[in-house]
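Structural features, examined
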Amino acid sequence: VYSYVIGEHLPSEKRLKLIEFINDNINNKVIDKVVNYVLYPQDYMREMEHNKMVVKNRYNLDVMVKNIKYILYKLFLQLCDNTDNMKLAIWAFQQNDQITETGSKNLKYILNTSNRQYLPGYGKMRFLIFLKSLIDPSYFRVEEQRFRGLAMEFASNLVKYNPDPTPLSLKKVHNFYNAVDNLFLYRNGDVHIRIDYSFDYRHRNKNHYPYRDLTFQELTGVITILFNKIASPPPCLDFNKEIGVLSEFDHAIFQLTNSFELIIDHKKRLKKRLAENVPIALFPGNYINYEMEFFVLQPLRKRLGLKIDEELTTNHLDAAKNIAPIYIIKHSVPIGLSVTADALKSYISASTKSEIKLLFEYGLCKIIKSNQVTVGVHFEQLGKKALQVLKNVKERNGFIIASGDHSAMMTDIVDLETFHIGKVTKILASKIMGIPIESAYLQWVPAGLRACLAYPTPTQTCKDFSDALKSVVFKKLAKKYGEKKLLEILKQDAETNGSPIMKVLKSLISEKSKKENILTSNIMGVYSDGLPWAGVIAKVPIEDKKQKWKFRIMVGGKNETMTVLRFCDIFHKRTGKAPKIAWNGGYILNAELIGKLGIPEAYIGSSLGLVISRKKVLSPPLFNKPALGIFSDGTLKMKRVNCSQGITIVTSNKEVILTKDNYNYSNPLEGKPYFYDLMYPNEYIKGDGRVIYRLSGNIIKEIIHTKKGEDVKILPVGLTFSFPNNLCPKGWDKIEKEVVFKLHFWKDVEYALEAGPMLVNEGKVCINMELEGWKTENSIRTQAARLDFMDMRGPKIAVGFDAKGNLTILTVNGRIRESVGATHNDMAEILLSRGIITAMGFDPGGSSTLVVNNKTLNISPYNHEYEKNIYTFPPEPRAVANVIIGWQ
């Protein structure tokens with residue numbers, strides 16, 4: 001078109017103007033796309049065929065009539081009974097469960113899941129995997145619809161590219177799509193424990209949907225089962241074109257990835273490993289001919305000692321001894337356009353590649369059938385024979401080559417050296433791998449390691465992992481320990497701690513001789529229901545008399561929140577003392593709750609429990625929850641605190657002492673003052689001409705002069721006082737007036753902070769949510785965004801003491817790929833297993849923060865810039881209202 005319009009068909013003046021206009025305005029991307037269409041037509045065959053069909057069929061009256069009939073028939077089919085299609089969906093789930101096994105010895109031999117969960121894909125569909133969904137409570141609906149869209153896209157591709165030349169009937173197609181839709185509608189029973197970034201939590205129900213127990217890659221297997229049942233497709237016979245010998249390895253890899261650059265590049269290591277006489281398990285992708293050439297024929301030719309121009313013959317094979325075989329593992333049932341094991345065998349038998357045929361005839365290359373029905377690689381679906389092959393490969397120091405976009409996500413934690421080869425085409429793969437879309441990669445993953453950690457707030461992407469393995473630090477340590485020993489150290493940490501490998505490498509190379517006085521370590525495990533948890537534990541020897549420990553509680557200014565690190569920085573500047581350890585404190589009323597409760601913004605930042613700083617009560621207890629007290633002699637204590645024994649108000653001229661007889665009375669006697677905390681069970685208190693004071697912490701926020709018969713609503717914010725007109729405390733006539741309190745418990749306490757719940761007491765689990773007031777109406781309203789009941793898992797933080805009085809801080813990460821978080825019971829059990837006899841929790845969720853020596857150790861599932869990238873961002877601590885700081 002460009003050549004035509006600037007040719008001789010226009011006057012020269014107009015032609016020059018047109019050329020100028022085109023050069024100024026044409027989109028370079030359009031030019032690039034046209035060039036790609038011309039130079040690489042094989043990549044656009046589907047679009048070209050589609051365009052031909054549109055041109056042929058669009059402008060035709062008969063086609064229009066046919067389309068109307070087609071639409072009416074589809075509406076009729078949609079109105080038909082759905083019972084059989086729902087039964088088909090349930091059957092597909094059952095079939096998938098039968099194919100998927102987790103208990104075989106060979107599987108356990110290659111997958112160590114004692115402390116980790118094997119994830120064949122991006123993550124279980126029960127959980128939110130967009131960063132924005134973790135922070136924006138409504139965005140989960142986008143993810144939910146995305147899963148459905150991806151499933152229907154996969155299903156429609158199975159129909160569109162069905163290898164059977166006979167078209168499926170509309171009724172069969174309709175039944176198939178309805179059955180796929182039913183995969184998302186079928187539910188059975190309830191979930192035992194909800195997780196605070198799961199769909200059942202966001203929907204505020206406990207319905208169990210079987211599809212949510214699967215990764216999206218596993219769901220493709222269920223959809224494949226449905227399609228094969230309904231359509232009975234034949235195996236795909238669409239093999240890519242055969243190629244000649246490519247002696248140059250780099251060129252071969254570029255051909256395989258359709259790229260001239262590898263963003264993650266471990267070609268040299270793969271080339272070296274291919275030259276070794278060890279068995280290889282090949283999970284091929286879409287370019288089977290290329291992969292057999294690169295990873296079967298060429299390596300075996302080298303092992304047989306053949307020169308480039310020397311043809312492989314039976315004489316070479318007859319003379320060969322102890323040549324390690326190469327296994328091609330392929331599925332036995334049709335999965336879209338991916339060829340089956342039997343189809344591959346038939347293709348090789350009919351191939352003109354005599355050398356390849358000879359390798360199969362002599363058993364140096366073997367095709368192994370797997371039971372897999374998913375895309376990519378799924379070790380739990382491989383079956384007995386394929387798992388036995390992988391066991392043999394591991395025992396003989398062999399390795400895996402896995403090709404394709406999904407494979408990089410599905411060889412997770414396998415205890416076999418693996419090379420991933422492919423090109424990133426999907427946004428999630430791009431984010432997990434840490435490289436741009438359309439980027440190619442050839443990644444080396446040593447046995448037992450996990451390349452990506454803590455998605456969607458990653459502490460390690462696949463690119464980070466690759467950079468660490470190619471770093472000077474790794475090379476230096478490999479020289480010191482030997483590479484085999486070093487990789488074993490990394491594997492051991494991956495299986496027990498789950499640390500980023502650069503952190504492990506730096507700890508090994510550190511030349512610090514000074515022993516750290518705070519012992520920290522990553523910890524992880526698997527719950528009885530198979531879900532994983534991971535976190536950090538810090539042990540502080542406060543009973544060590546050599547260097548005395550001191551602790552302080554810091555509180556932000558009016559309605560001010562800061563990160564724990566910022567609190568530490570301010571503390572250091574003010575005191576000159578370097579904080580050794582710090583963690584977030586108690587609950588506050590945040591802006592989200594203010595909106596939900598419909599109360600004035602003046603209450604934002606209000607402490608929801610006891611806060612004492614320098615012996616000054618900044619907020620009295622509001623429930624019966626535990627508090628951490630720091631006393632003048634430096635001792636630390638934990639116990640449940642409340643106002644039930646009374647409270648003393650200090651005014652300029654006297655003290656007003658309110659006892660237990662003035663506490664939470666629903667029918668106040670005339671002439672007596674009363675006060676109410678959030679353990680009060682009713683929604684209103686009687687006014688009857690009294691003066692009602694609403695406080696936030698120790699600040700008067702509202703003064704209400706009631707009329708006879710008037711009732712006043714309790715706000716779930718702070719204490720509420722009710723005085724007869726003649727007994728109002730002196731000076732209580734102004735909003736924002738600061739009130740001075742004395743509490744009737746814990747004498748000589750210098751700092752204190754209420755949080756909770758109490759987890760462990762006298763070496764036993766002591767959680768009692770009723771006793772502490774978590775389930776009162778006012779508490780539920782205050783904690784509306786958290787729902788911290790016993791069946792909820794999420795990020796948590798807890799502090800406890802052992803029998804010697806030493807301090808332990810435990811954080812369990814949540815909302816990330818390797819950790820679903822913890823319930824309060826989970827936290828208590830983990831602490832008990834580590835010798836803790838007294839413990840309490842602090843503000844959980846995104847507020848959970850543990851800082852040691854000015855470094856945040858836990859992974860916060862938060863980043864304030866999430867709108868810039870809704871998929872992933874590095875973790876960032878969230879701002880809190882108060883912290884506990886320890887120093888020496």
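For the structure, check the block above.
Figured I'd write up the structure that's included with this text. (Residues numbered from 1 in each chain as written. Predicted model: local features only at pLDDT ≥ 70, side-chain atom pairs only at ≥ 80, totals over all residues. Heavy atoms only, no water.)

A look at the overall build of the protein
Summing up its helical and strand segments, the protein has 30 helices and 35 strands in all. If you line up the protein on its principal axes, its C-alpha atoms span 105 × 75 × 70 Å. Partitioning the intrachain contacts of the protein with sequence separation of at least 6 by distance along the chain shows that 70% fall at a separation of at least 24. Put simply, the protein shows about 41,000 Å² of open surface, and 52% of that area lies on carbon and sulfur atoms. The distance from the centre of the 121 positive side-chain charges to the centre of the 92 negative ones in the protein is 4 Å. (Helix = DSSP H or I, 4+ residues; strand = E, 2+ residues; numbered from the N terminus. Contact = heavy atoms within 4.5 Å. Areas by Shrake-Rupley, 256 points an atom, 1.4 Å probe, with all protein chains shown as cover. Lys, Arg positive; Asp, Glu negative; His and termini not counted. Charge placed at Lys NZ, Arg CZ, Asp CG, Glu CD.)

Digging into the packing of helix α6 (residues 83-99) against helix α12 (residues 216-231)
Running from amino to carboxyl end, α6 crosses α12 at an angle of 120 degrees, the nearest separation of the two axes being 9 Å. In terms of orientation, α6 and α12 fall into the oblique class. Remark: the crossing between α6 and α12 carries right-handed chirality. In this structure, α6 uses Leu 88, Ala 89, Trp 91, Ala 92, Phe 93, Gln 95, Asn 96 and Ile 99 to contact α12, whose residues at the interface are Glu 218, Gly 221, Val 222, Ile 225, Leu 226, Lys 229 and Ile 230. For the contact of α6 with α12, a count of residues per class yields 10 nonpolar, 3 polar and 2 charged. (Axes fitted to C-alpha atoms, helices over the stretch in contact; angles between N-to-C directions. Parallel < 35°, antiparallel > 145°, perpendicular 65-115°, else oblique. Left-handed = near helix turned anticlockwise from the far one by under 90°. Nonpolar A, V, L, I, M, F, W, Y, C, P; charged D, E, K, R; others polar.)

Overview of helix α14 (residues 267-274)
Considered for burial, the residues of α14 that qualify are Lys 267, Leu 270, Arg 273 and Leu 274. One side of α14 holds all its buried residues, which, seen down the axis, span an arc of 130 degrees. α14 presents Lys 268 and Lys 272 as exposed residues on the side facing more than 90 degrees away from its buried surface. (Buried < 20%, exposed > 50% of the residue type's maximum accessible area, 1.4 Å probe, protein only. Arc of directions from axis to C-beta.)

Overview of the pattern of salt bridges
Throughout the structure, instances matching the rule amount to 33 salt bridges. When the shortest N-O distance is used, the salt bridge between Arg 793 and Asp 529 registers 3.0 Å. Highlighted residues: Arg 793 in strand β29 (residues 792-793) and Asp 529 in the loop between β9 (519-526) and β10 (532-540), separated in sequence by 264 residues. Take Asp 529: its relative accessible area is 42%, and that puts it in the partly exposed class. The residue Asp 569 makes a salt bridge to Arg 566 at a minimum N-O spacing of 2.9 Å. Note that Asp 569 and Arg 566 are positioned in helix α26 (residues 564-575) at a spacing of 3 residues, about one turn of the helix. Of the residues examined, Asp 569 reaches a relative accessible area of 30% and is grouped as partly exposed. One network of salt bridges, with partners in common, ties together Arg 273, Glu 276 and Glu 417. (Salt bridge = Lys/Arg side-chain N within 4 Å of Asp/Glu carboxyl O.)

Focus on the state of the cysteines
Under the definition given, this model contains 0 disulfides. Free cysteine: Cys 365, not disulfide-bonded; nearest cysteine sulfur from Cys 236 at 19 Å. (Disulfide = S-S within 2.5 Å.)

Comments concerning a negative patch on the surface
Together, Glu 670, Asp 688, Glu 710 and Asp 711 make up a region of like negative charge exposed at the surface. Mapped onto the fold, Glu 670 is located in the loop between β18 (655-659) and β19 (674-676). Accessibility expressed as a relative area gives 82% for Glu 670, which makes it exposed. (Patch = residues over 30% accessible without salt bridge, like charges linked within 9 Å, V, L, I, M, F, W, Y side chains within 5 Å.)

Quick word on the nonpolar core
Core analysis: the biggest nonpolar cluster contains 208 residues, and Leu 219, Phe 379, Ile 581 and Trp 583 have the highest contact counts within it. Beyond its immediate stretch of four places on either side in the chain, Trp 583 contacts Phe 551, Val 564, Leu 628, Ile 797, Val 799, Leu 807, Ile 809, Phe 842, Thr 849, Val 883 and Ile 884. With 39 residues, the next largest nonpolar core counts Ile 612, Leu 658, Val 691 and Ala 752 among its residues. (Core = buried A, V, L, I, M, F, W, Y, C linked by side-chain atoms within 4.5 Å.)

As for helix α24 (residues 483-496)
Its 14 residues give α24 an end-to-end C-alpha distance of 20 Å, which sits within 8% of 20 Å, the value for a rise of 1.5 Å per residue. For α24, the complete set of buried residues consists of Leu 486, Leu 487, Ile 489, Leu 490, Lys 491, Asp 493, Ala 494 and Glu 495. Contacts made by the buried residues of α24 are with β8 (440-445), α23 (472-481), α25 (501-509) and β9. Phi turns positive, to about 75 degrees, at Gly 498, one or two residues after α24. (Expected span 1.5 Å × (residues − 1).)

Notes on the packing of aromatic side chains
For the coordinates displayed, the defined rule picks out 36 aromatic pairs. These aromatic residues form a ring-pair network of at least three members: Tyr 663, Phe 675, Tyr 693, Phe 721, Phe 723, Trp 732 and Phe 741. Between the NZ or CZ atom of Lys 637 and the centre of the ring of Phe 631, over which it lies, the distance is 5.0 Å. (Phe/Tyr/Trp six-rings, centres within 6.5 Å; stacked < 30°, edge-to-face > 60°. Lys NZ or Arg CZ within 6 Å of the ring centre and 35° of its normal.)

Topic: a nonpolar patch on the surface
On the surface, a nonpolar cluster with roughly 780 Å² of combined accessible area is contributed by Leu 61, Met 64, Val 65, Ile 68, Tyr 70, Ile 71, Leu 72 and Leu 75. Its place among the elements puts Met 64 in helix α5 (residues 61-79). Met 64 sits in the partly exposed class, given a relative accessible area of 44%.

Details of the sheet that holds strand β7 (residues 417-423)
Taken in spatial order, the 7 strands of this open sheet run β2-β8-β7-β6-β3-β4-β5, and their pairing is mixed. Across the chains shown, the open sheet's two edge strands, defined by having one partner strand only, are β2 (262-265) and β5 (365-370). Averaged over all adjacent pairs, the angle separating strand axes in this sheet is 15 degrees, with direction ignored. One ladder, built from 6 bridges, connects β7 with β8; its direction is antiparallel. Within β8, the position partnered with Lys 423 by the bridge is Ala 440. (Pairing = 2+ DSSP bridges.)

Description of the environment of Asp 136
Tracing the chain through its elements places Asp 136 in the loop between α8 (131-135) and α9 (140-160). Residue class for Asp 136 comes out buried when judged on its relative accessible area of 19%. In this structure, the C-alpha to C-alpha distance between Asp 136 and Tyr 866, residues 730 residues apart in sequence, is 9.4 Å.

Concerning the pairing of strand β14 (residues 616-619)
In this structure, strand β13 (residues 611-613) lies alongside β14, joined through 3 bridges in antiparallel fashion. Each bridged residue has a counterpart across the sheet, and for Val 611 the counterpart in β14 is Ser 619. If you look at the hairpin formed by β13 and β14, you'll find 2 residues sitting between the two strands, and Arg 614 has a positive phi there, around 55 degrees.

Observations concerning the side chain of Asp 677
For Asp 677, the position within the fold is in the loop between β19 and β20 (684-686). One buried charged residue, Asp 677, forms no salt bridge at all, with the nearest opposite charge on Lys 625 at 11 Å. Separated by 2.9 Å, the side chain of Asp 677 and the backbone nitrogen of Met 679 make a polar contact. Beyond its immediate chain neighbours, meaning those up to four positions away, Asp 677 contacts Pro 621, Leu 622, Phe 623, Cys 643, Tyr 663, Asn 664 and Leu 719. (Polar contact = N/O pair within 3.5 Å; in protein donor to acceptor, adjacent residues only side chain to side chain.)

Focus: the side chain of Asn 858
Checked against the element boundaries, Asn 858 lands in the loop between β34 (855-856) and β35 (882-887). Relative accessible area serves as the criterion here: at 8%, Asn 858 is assigned to the buried category. At a separation of 2.9 Å, a polar atom in the side chain of Asn 858 contacts the main-chain amide nitrogen of Leu 850. Among all residues touching Asn 858, those that are not within four sequence positions of it are Val 536, Thr 811, Asn 813, Ser 848, Thr 849 and Leu 850.

Some details on the sheet that holds β18
Hydrogen bonding along the main chain pairs the strands of a sheet, whether they run parallel or antiparallel. Read across the open sheet, the 3 strands follow the order β18-β17-β25; overall the sheet is antiparallel. Two strands bound the open sheet, and with one partner strand each, they are β18 and β25 (740-743). Neighbouring strand axes in the sheet, compared pairwise and without regard to direction, differ in orientation by 20 degrees on average. In the sheet, strand β17 (residues 646-650) pairs with β18 via 5 bridges, with the strands oriented antiparallel. When the bridges of β18 are listed, Gly 646 appears paired with Thr 659.

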